[in-house]
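# Observations on the model geometry
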Amino acid sequence: FTGNPETRGPLIVAGPYRYVRHPLMLGLLVALWAQPIMPPELLMMNLGLTIYILMAIRWEERDLLREYGAEYEKYRSDVPALIPFSNGVLF
């Protein structure tokens, strides 16, 4: 699929995006860390995946800021990245 790079959709800020900027990443982190029993192998894998997810959020934020500009900057200042109802910008 080759789309037109000049065409972009609207910035979606409804649904779960009203509460956090990255609801899919939040759900994945909850699933990773909500294990009742965590052997050392799983702990190491979850740590690595968590680090990767946090890095991916930074990369995605950079791309969204480049694509949507001031509109995304305002959204970013109003809605936390991962922890709903928090005053922090990233967490």
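Model, not experiment: these values are computed from the prediction. (Residues numbered from 1 in each chain as written. Predicted model: local features only at pLDDT ≥ 70, side-chain atom pairs only at ≥ 80, totals over all residues. Heavy atoms only, no water.)

### A word on the overall build of the protein
If you tally the helices and strands in the protein, you get three helices and zero strands. Secondary structure elements of the protein occur, N-terminal to C-terminal, as α-α-α. Expressed as a percentage of contacts within the protein between residues at least 6 apart in sequence, the contacts between residues at least 24 apart total 62%. As displayed, the protein offers around 6600 Å² of accessible surface, 67% of which is attributable to carbon and sulfur atoms. (Helix = DSSP H or I, 4+ residues; strand = E, 2+ residues; numbered from the N terminus. Contact = heavy atoms within 4.5 Å. Areas by Shrake-Rupley, 256 points an atom, 1.4 Å probe, with all protein chains shown as cover.)

### Focus: the pattern of salt bridges
On inspection of all chains with the given rule, the structure shows six salt bridges. Across the salt bridge formed by Arg-21 and Glu-61, the nearest N and O atoms sit 2.9 Å from each other. Of this pair, Arg-21 sits in the segment before helix 1 (23–33) while Glu-61 sits in helix 2 (residues 40–68), and the two are 40 residues apart along the sequence. The partner of Arg-76 in a salt bridge is Glu-73, and the shortest N-O contact between them spans 3.4 Å. Of this pair, Arg-76 and Glu-73 both sit in helix 3 (residues 70–78), three residues apart, which is roughly one turn of the helix. Classification of Arg-76 as partly exposed rests on a relative accessible area of 22%. Three or more residues joined by partner-sharing salt bridges are found here, namely Arg-21, Glu-61, Glu-73 and Arg-76. (Salt bridge = Lys/Arg side-chain N within 4 Å of Asp/Glu carboxyl O. Buried < 20%, exposed > 50% of the residue type's maximum accessible area, 1.4 Å probe, protein only.)

### Overview of the side chain of His-22
Structurally, His-22 can be placed in the segment before helix 1. Discounting residues that sit within four places of it in the chain, His-22 has contacts with Ile-57, Glu-60, Glu-61, Tyr-72, Ala-81 and Leu-82.

### Digging into a nonpolar patch on the surface
On the surface, Trp-33, Leu-43, Met-44 and Leu-47 cluster together to form a nonpolar patch covering roughly 380 Å² of accessible area. Examining the composition of the nonpolar patch, we find that three residues originate from one element, helix 2, more than from any other. By the element assignment, Leu-43 lies in helix 2. Classification of Leu-43 as partly exposed rests on a relative accessible area of 34%. (Patch = residues over 30% accessible without salt bridge, like charges linked within 9 Å, V, L, I, M, F, W, Y side chains within 5 Å.)

### Describing the packing of helix 1 against helix 2
Taken N-terminus to C-terminus, the directions of helix 1 and helix 2 make an angle of 170 degrees; their axes are 10 Å apart at the nearest point. What the angle tells us is that helix 1 and helix 2 run roughly antiparallel. Residues Met-25, Leu-28, Leu-29, Leu-32 and Trp-33 of helix 1 lie in contact with helix 2, whose contacting residues are Leu-43, Asn-46, Leu-47, Leu-49, Thr-50, Ile-53, Ala-56 and Ile-57. A per-class count over the contact of helix 1 with helix 2 returns eleven nonpolar, two polar and no charged. (Axes fitted to C-alpha atoms, helices over the stretch in contact; angles between N-to-C directions. Parallel < 35°, antiparallel > 145°, perpendicular 65-115°, else oblique. Nonpolar A, V, L, I, M, F, W, Y, C, P; charged D, E, K, R; others polar.)

### A look at the packing of helix 2 against helix 3
At a minimum axis separation of 6 Å, helix 2 and helix 3 run at an interaxial angle of 135 degrees. Put simply, helix 2 runs oblique to helix 3. Counting all contacts with helix 2, which are made through Glu-61, Leu-64, Leu-65 and Tyr-68, the residues of helix 3 involved are Ala-70, Glu-71, Tyr-72, Glu-73 and Arg-76.

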